[in-house]
Amino acid sequence: MKNNKIFKTSDLQKLDKYTIENEPVTSLDLMERAATVFTEKLLIFFPNSHIFNILAGSGNNGGDGYVVARLLHQKGLNVKAFGLHENDCLSPDCAVNRKRFIDMGGCYIEVKNPDNLQPDENSVLVDAIFGAGLNRPVTGFLGDIIHRINCLSHPVVAIDMPSGLMGEDNGENNGAIIKADYTFTFQFPKLAFMFPENVVYVGHWEVLDIRLHPIILREYPAAYYYLTEEVVASRLLIPGKFSHKGTLGNTLLIVGSYSMMGAAMLAAKGAIRSGTGLLSVHVPRKLKEMIHLSVPEALVEVDRNEFCFSGVDNLSRIQAVGIGSGIGTSPVTAEGIRQLLSVWRGKIVLDADALNLLAADSGLLELLPKGAVLTPHPKEFERLAGKSVNDFDRLNKLSTFASLHQVYVVLKGAHTIIATPEGECYFNMTGNPGMAKGGAGDVLTGIIAALLASGHSSLDAAIIGVYAHGWAGDLVAEEQGMRGTRAGDIADKLGWVWKKMETYNMAKQR
Ligand SMILES: NC(=O)C1=CN([C@@H]2O[C@H](COP(=O)(O)OP(=O)(O)OC[C@H]3O[C@@H](n4cnc5c(N)ncnc54)[C@H](OP(=O)(O)O)[C@@H]3O)[C@@H](O)[C@H]2O)[C@H](O)CC1
Ligand SMILES: [K+]
């Protein structure tokens with residue numbers, strides 16, 4: 001299976017060392033390999049550019065930069081390498097590659113004063129100042145250089161990382177950071193790329209496979225993962241030939257209240273498209289007809305209360321519960337949740353107002369069954385776990401919360417994060433800003449509930465559900481644009497996503 005770990009940048013040296021010793025390959029050849037895949041990608045993104053200016057630092061990131069300069073020069077392109085070296089203390093591989101570039105007649109300009117950095121007009125700038133070796137904020141001469149680059153209007157492409165950005169925690173990073181338009185990063189995305197606050201530095205990013213040794217990639221531990229189709233699809237259970245509605249699970253959705261019926265319908269639509277054998281939708285009495293009409297496949301179960309959820313009587317045939325979308329936060333509903341959580345020890349996903357009620361009464365949190373799935377957006381998570389000073393801090397809080405309460409937390413965002421009780425975090429790669437609209441989260445709750453009911457573990461239901469939801473949103477945006485994307489369209493596109501995953505899975509099994 002393709003490796004999908006997000007290692008720490010400080011782990012890189014060990015991964016490198018193992019590859020160098022066991023492939024075996026020299027560090028120079030590994031640099032050549034990395035810079036070659038970078039150059040190929042650069043030329044795919046800038047096929048019509050003829051002028052490239054390379055900004056090279058003194059470490060191996062700078063070494064990569066000199067290799068890129070040489071490869072572009074060999075292709076007959078107009079290349080200039082700016083040597084940004086405070087002293088002449090270069091890493092050995094950087095020194096070799098600078099010499100190779102100069103020896104082959106490459107244009108090399110040593111910059112000792114930031115004002116002398118004058119990139120060519122219409123050039124693409126390649127940022128090779130710092131990469132994974134950054135260990136403190138960038139100030140002084142190189143800080144001034146970075147500020148200067150950030151004021152230019154040239155496109156900037158970063159090698160491995162935008163210079164100045166720490167791989168993980170930038171909470172205390174008050175130094176200069178390159179604002180790249182593109183970052184092509186080696187082997188695995190860096191954790192910092194997952195955080196909204198860093199998008200201004202990282203730009204559009206892609207991972208380049210530089211073939212670090214597969215054994216070390218498989219065996220070296222990581223706490224963070226990113227989701228790829230391969231990893232997600234292989235977790236999806238495919239109904240067997242003799243499956244029937246009784247074996248594919250009965251999902252109970254407890255959703256909606258008098259003023260928020262749309263949420264109930266959207267959650268039901270998400271569930272009915274996600275493989276549950278049966279779907280029961282529990283709604284306040286007044287709203288029965290709406291579900292019948294909007295999701296005719298669902299069974300409707302009515303609450304004693306006319307307007308909001310107040311409790312359930314019979315859970316005997318249910319495999320998974322989804323609760324929260326549009327239920328409101330009235331005291332009657334809070335009591336209903338207390339009653340539910342006092343008796344239900346099975347699979348459950350909680351969203352929206354169910355989370356707000358948990359946040360308002362920590363006693364309810366204590367009642368959660370082990371392995372429950374919670375799907376807060378950042379504000380709901382803040383109500384549950386308190387304020388965070390930055391995205392990295394929020395990630396740590398998320399992990400702590402999941403371990404403390406032994407639950408899976410799905411923190412919704414551009415890269416939705418799934419945190420496990422064991423301290424692992426999975427970052428989603430699908431989805432787009434068009435999905436940042438009311439109702440999209442309700443569809444997700446329905447999907448996850450249906451996946452739980454049809455036999456998936458909490459982790460698999462969360463991972464598959466989040467990925468499929470984002471993928472469906474991407475398909476809608478492709479057809480109708482981000483602006484035109486509605487939550488209901490996401491539910492309607494799910495069938496296509498499941499088909500893709502099923503096909504992928506069946507092909508693997510052959
Ligand atoms: N396996 C791979 O992914 C490969 C990656 N490659 C490339 O190598 C870089 C990492 O190279 P490295 O030499 O470790 O680090 P940098 O080039 O990022 O930094 C060089 C040195 O700079 C010093 N440093 C750190 N922070 C600062 C700062 N704020 N100001 C000034 N100087 C700083 C530090 O040395 P010190 O001794 O001063 O601590 C760094 O060591 C990776 O990103 C890839 O681009 C390989 O080419 C192929 C394999
Ligand atoms: K860089």
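Because the structure is a prediction, the values reported are computed rather than measured. (Residues numbered from 1 in each chain as written. Chains lettered and ligands numbered in written order. Predicted model: local features only at pLDDT ≥ 70, side-chain atom pairs only at ≥ 80, totals over all residues. Heavy atoms only, no water.)

Undergrad: What's the story with the overall build of the chain in this structure? I'm lost.
TA: Tallying secondary structure elements over the chain gives 18 helices and 18 strands in all. Rg of the C-alpha trace for the chain: 26 Å, near the compact-globule value of 24 Å for 510 residues, within the 12% margin. Taken along the three principal axes of its C-alpha coordinates, the chain extends 85 × 50 × 40 Å. For the chain, buried positions account for 56% of its 510 residues. Put simply, of all contacts in the chain between residues at least 6 apart along the chain, 72% involve residues at least 24 apart. Side-chain charges of the chain comprise 48 positive and 54 negative groups, with the mean position of each set lying 5 Å from the other. (Helix = DSSP H or I, 4+ residues; strand = E, 2+ residues; numbered from the N terminus. Rg over C-alpha atoms; globule rule 2.2 N^0.38 Å. Buried < 20%, exposed > 50% of the residue type's maximum accessible area, 1.4 Å probe, protein only. Contact = heavy atoms within 4.5 Å. Lys, Arg positive; Asp, Glu negative; His and termini not counted. Charge placed at Lys NZ, Arg CZ, Asp CG, Glu CD.)

Undergrad: How do you make sense of the side chain of Asp442 when you look at a structure like this?
TA: Inspection of the secondary structure assignment puts Asp442 in helix α16 (residues 440-453). No salt bridge is formed by the buried Asp442. Its closest oppositely charged neighbour is Lys412, at 6.5 Å. Filtering out sequence-adjacent residues up to four positions away, Asp442 remains in contact with Ala263, Leu266, Ala267, Ser325 and Asp351. (Salt bridge = Lys/Arg side-chain N within 4 Å of Asp/Glu carboxyl O.)

Undergrad: For this particular structure, what's the right way to read the packing of aromatic side chains?
TA: Given two aromatic rings, one states the distance between the centres and the angle between the planes to describe the pair. All told, the structure shown has 16 aromatic pairs when counted by the stated rule. Residues Tyr258 and Phe307 carry aromatic rings whose centres are separated by 5.2 Å and whose planes lie at 90 degrees to one another, so their mutual orientation is edge-to-face. Residue Tyr258 is found in the loop between β10 (250-254) and α9 (261-272), and its partner Phe307 is found in the loop between β12 (299-302) and β13 (320-323); the two are separated by 49 residues along the sequence. Overall, Phe307 belongs to the partly exposed group, its relative accessible area being 39%. One cation-aromatic arrangement involves Lys190 over Phe188; the distance from NZ or CZ to the ring centre is 4.0 Å. (Phe/Tyr/Trp six-rings, centres within 6.5 Å; stacked < 30°, edge-to-face > 60°. Lys NZ or Arg CZ within 6 Å of the ring centre and 35° of its normal.)

Undergrad: Would you take a moment to explain the site of ligand 1 for this structure?
TA: Contacts to ligand 1 come from 21 residues, most closely from Asp16, Asp64, Gly131, Arg136 and Asp160. Here an oxygen atom of ligand 1 and a side-chain polar atom of Asp160 are 2.6 Å apart. Among the detected pockets, ligand 1 sits in the largest pocket. For the shell around ligand 1, the secondary structure elements donating two or more residues are α1 (12-22), α2 (27-45) and α3 (60-74). Take the shell around ligand 1: its biggest share by element is three residues, from α3. (Near = heavy atom within 4 Å. Polar contact = N/O pair within 3.5 Å; in protein donor to acceptor, adjacent residues only side chain to side chain. 1 Å grid on protein atoms, 1.4 Å probe; cavity = no way out; pocket = protein on both sides within 12 Å on 5 of 7 lines; lining within 4 Å. Sits in = over half its atoms within 2 Å of the grid points.)

Undergrad: How should I be thinking about the sheet that holds strand β14 (residues 347-350) in this particular structure?
TA: Picture the strands of a sheet paired through backbone hydrogen bonds; they go either parallel or antiparallel. Read from one edge to the other, the open sheet built from eleven strands follows the order β1-β9-β18-β17-β16-β15-β14-β13-β10-β11-β12, with strand pairing classed as mixed. Of all strands in the sheet, those bounded by a partner on one side alone are β1 (5-6) and β12. In this sheet, strand β16 (residues 408-411) lies alongside strand β15 (residues 373-374) in parallel orientation, the contact comprising two bridges. Across the sheet, Leu374 pairs through a bridge with Val409, a residue of β16. Where α9 meets the sheet, it contacts β10 and β11 (278-283), and its direction lies at approximately 170 degrees from that of β11. (Pairing = 2+ DSSP bridges. Axes fitted to C-alpha atoms, helices over the stretch in contact; angles between N-to-C directions.)

Undergrad: Mind showing me how you'd approach the layout of surface pockets here?
TA: Over the atoms, a rolling probe the size of a water molecule traces out where space has been left empty. The computed volume of the largest pocket comes to approximately 1,100 Å³. Along its surface, the largest pocket is lined by 38 residues, and Gly59, Asn60, Asn61, Ala132 and Gly133 are the ones closest to its centre. Among the secondary structure elements, those contributing two or more residues to the lining of the largest pocket are α1, α2 and α3. Approximately 630 Å³ is the volume attributed to the second largest pocket. Contributing to the lining of the second largest pocket are 30 residues, with Lys412, Met435, Lys437, Ala440 and Gly441 lying nearest its centre. Of all the elements, α16 adds the most residues to the lining of the second largest pocket, at four residues. For the lining of the second largest pocket, the residue count by class is ten nonpolar, 14 polar and six charged. (Points joined across faces, edges and corners; volume = space filled by probe spheres on them. Nonpolar A, V, L, I, M, F, W, Y, C, P; charged D, E, K, R; others polar.)

Undergrad: Mind showing me how you'd approach helix α17 (residues 458-480) here?
TA: Helical geometry: 3.6 residues make up each α-helical turn, so side chains three or four residues apart lie on a common side. Helix length check: α17 (23 residues) gives 32 Å between terminal C-alpha atoms against 33 Å at 1.5 Å per residue, within 8%. The buried fraction of α17 is high, at 19 of 23 residues. After α17 finishes, the residue Gly481 shows a positive phi value of roughly 85 degrees. (Expected span 1.5 Å × (residues − 1).)

Undergrad: Sorry, what's going on with the sheet that holds strand β8 (residues 204-208) here?
TA: The seven strands are arranged β4-β3-β2-β5-β6-β7-β8 in an open sheet whose pairing can be described as parallel. Unpaired on one side and paired on the other, β4 (107-110) and β8 mark the two borders of the sheet. Direction aside, neighbouring strands of the sheet carry axes that sit 20 degrees apart on average. In terms of strand pairing, strand β3 (residues 78-83) meets β4 through four bridges, oriented parallel. Its bridge partner being in β4, Lys80 is matched across the sheet by Cys107. On top of the sheet, α2 reaches β2 (51-56), β5 (124-128), β6 (156-159), β7 (182-186) and β8; it is set at about 155 degrees to β7, its chief contact.

Undergrad: Which parts of the structure should I look at to understand the UniProt feature "domain: YjeF N-terminal" (unreviewed entry) in the chain?
TA: UniProt tags residues 12-218 as "domain: YjeF N-terminal" (unreviewed entry). Along residues 12-218 one finds 37% helix and 17% strand; the C-alpha atoms at either end are 14 Å apart. (UniProt positions renumbered as here; feature names shortened; annotations may be inferred.)

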